[in-house]
Amino acid sequence: MFLGTYTPKLDDKGRLTLPAKFREALEDGVMVSKGQDHSLAIYTREAFAEKVRKLTEASRSNPVARSYIRQLGAGTDEQKLDGQGRITLSPDHRRYADLERNVVVNGSIEFIEIWNEDAWARYSSESEQSFSDAVDESLEGIL
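Now for a quick tour of the structure. Throughout this description, residue numbers start from 1 for each chain and increase along the sequence as written. Owing to the predicted nature of the model, reporting of local features is limited to residues with pLDDT of at least 70; listing and counting of side-chain atom pairs is limited to 80 or more, with chain, interface and lining totals taken over all residues. Water and hydrogen atoms were dropped before computing side-chain values, which therefore reflect all heavy atoms in the structure.

**Focus on a nonpolar patch on the surface**
Point 1. Here the term patch refers to residues with relative accessible area over 30% and no salt bridge, with like charges joined within 9 Å and nonpolar side chains (Val, Leu, Ile, Met, Phe, Trp, Tyr) within 5 Å. Methods summary: accessible areas were calculated by the Shrake-Rupley approach with a probe of 1.4 Å, and residue burial reflects only the protein chains presented. We count a salt bridge whenever a side-chain nitrogen from Lys or Arg sits within 4 Å of a carboxyl oxygen from Asp or Glu. Together, Met1, Leu3 and Ile109 make up an exposed nonpolar region whose accessible area comes to about 350 Å².
Point 2. Comment: elements are numbered from the N terminus, with helices defined as DSSP H or I runs of at least four residues and strands as E runs of at least two. Topologically, Ile109 is positioned in the loop between β7 (103-107) and β8 (112-116).

Below, the structure is given as structure tokens:
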């Protein structure tokens, strides 16, 4: 389970040091993909395999599903943490998420999100009230 918000720096080579408390769960490698809201998503290999398993059940005749599957497959990179707990984010991933030096790394329960610092501040501010106001009906019974 991935929890918390961290603000590591992206170095000049596109390397990102992941929070120490996440590293043990990620030691077998990670899958870095384009995420929602122009963030990046980091999955354990097992969690990504489960996501892919579910996606294989989608009909490729559905243009929305087909597009999502293509974007996910083309936009995912397998990485191993180096000795300092870093991964290298590809230029395409950095462009997609508009990542520069200051980034935000969020635990998103079953995966990790990487955000542009300013984009996260805007998103967090805009969604804070809806989080506070959340009701069971709008979240399909998970509260």
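**Some words on the nonpolar core**
If you look at soluble globular proteins, the nonpolar side chains tend to sit buried side by side.
Point 1. In these notes, a set of buried Ala, Val, Leu, Ile, Met, Phe, Trp, Tyr and Cys residues joined through side-chain atoms within 4.5 Å is what counts as a nonpolar core. Each residue gets one of three labels from its accessible area relative to the maximum for its type: buried under 20%, exposed over 50%, partly exposed in between, using a 1.4 Å probe on protein chains only. Ranked by internal contacts, the top residues of the largest apolar core, which has 19 residues, are Leu16, Leu40, Ile42, Leu89, Leu99 and Ile114.
Point 2. Not counting chain neighbours up to four residues away, the residues in contact with Leu89 comprise Leu10, Gly14, Leu16, Val32, Leu40, Arg94, Leu99 and Ile114.
Point 3. Tyr43, Phe48, Leu72 and Phe111 belong to the second largest nonpolar core, which has eight residues in total. Two residues form a contact once any of their heavy atoms are found within 4.5 Å.

**Looking at the layout of surface pockets**
Point 1. Each pocket or cavity is described by its volume, and for the second largest pocket that value is around 240 Å³.
Point 2. Residues are called lining when one of their atoms sits within 4 Å of a cavity or pocket point, these points coming from a 1 Å grid over the protein atoms alone, where a cavity is a set in which a 1.4 Å probe fits but cannot get out and a pocket is an open set with protein on both sides within 12 Å along at least five of seven lines. Lining the second largest pocket are 14 residues, and of these Lys34, Gly35, Gln36, Tyr68 and Tyr96 lie nearest its centre.
Point 3. Of all the secondary-structure elements, those providing two or more residues to the lining of the second largest pocket are β3 (30-34), β4 (40-44) and α3 (63-74).
Point 4. Residue contributions to the lining of the second largest pocket peak at three residues, all from α3.
Point 5. Residue classes follow a fixed rule: Ala, Val, Leu, Ile, Met, Phe, Trp, Tyr, Cys and Pro count as nonpolar, while Asp, Glu, Lys and Arg count as charged, and any other residue, Gly among them, counts as polar. Per-class residue counts for the lining of the second largest pocket are six nonpolar, five polar and three charged. Grid points are joined across faces, edges and corners, and a volume is the space filled by probe spheres set on the points.

**Digging into the sheet that holds β4**
Point 1. Only when DSSP finds a minimum of two bridges between them are two strands counted as paired. Here we have six strands laid out as an open sheet, ordered β1-β7-β8-β4-β3-β5, and antiparallel in their pairing. Single-partner strands in this sheet number two, and they are β1 (5-6) and β5 (76-79).
Point 2. In this sheet, β7 lies alongside β1 in antiparallel orientation, the contact comprising two bridges. Looking across to β7, one finds that Tyr6 is bridged to Val105.
Point 3. Note on definitions: angles span 0 to 180 degrees between N-to-C directions of axes, and those axes are lines fitted to C-alpha atoms, for helices only across the stretch in contact. The strands touched by helix α2 (residues 45-55) within the sheet are β3, β4 and β5, with β4 carrying the most contacts at an inclination of about 105 degrees.

**Comments concerning the packing of aromatic side chains**
Aromatic ring pairs are described here by two measures, namely the spacing of the ring centres and the angle between the planes.
Point 1. The rule is short: rings of Phe, Tyr and Trp, with Trp giving its six-membered ring, pair when the centres are within 6.5 Å, and they are stacked under 30 degrees, edge-to-face over 60, tilted in between. If you walk through the whole model with that rule in mind, you get seven aromatic pairs.
Point 2. Taken together, a centroid distance of 5.1 Å and an interplanar angle of 85 degrees make the contact between Phe2 and Phe22 edge-to-face. Of this pair, Phe2 sits in the segment before β1 while Phe22 sits in helix α1 (residues 20-26), placing them 20 residues apart in sequence. No difference in accessibility class separates Phe2 from Phe22, as the two residues are buried.
Point 3. Each ring, one from Tyr6 and one from Phe22, has its centre 5.4 Å from the other, and the planes form 85 degrees; the classification is edge-to-face.

**Considerations on the pattern of salt bridges**
Point 1. For the structure shown, the criterion picks out seven salt bridges.
Point 2. When the shortest N-O distance is used, the salt bridge between Arg15 and Asp11 registers 2.6 Å.
Point 3. Arg53 is paired through a salt bridge with Glu57; the nearest N and O atoms lie 2.9 Å apart.
Point 4. Residue classification places Arg53 among the partly exposed positions, given a relative accessible area of 39%.

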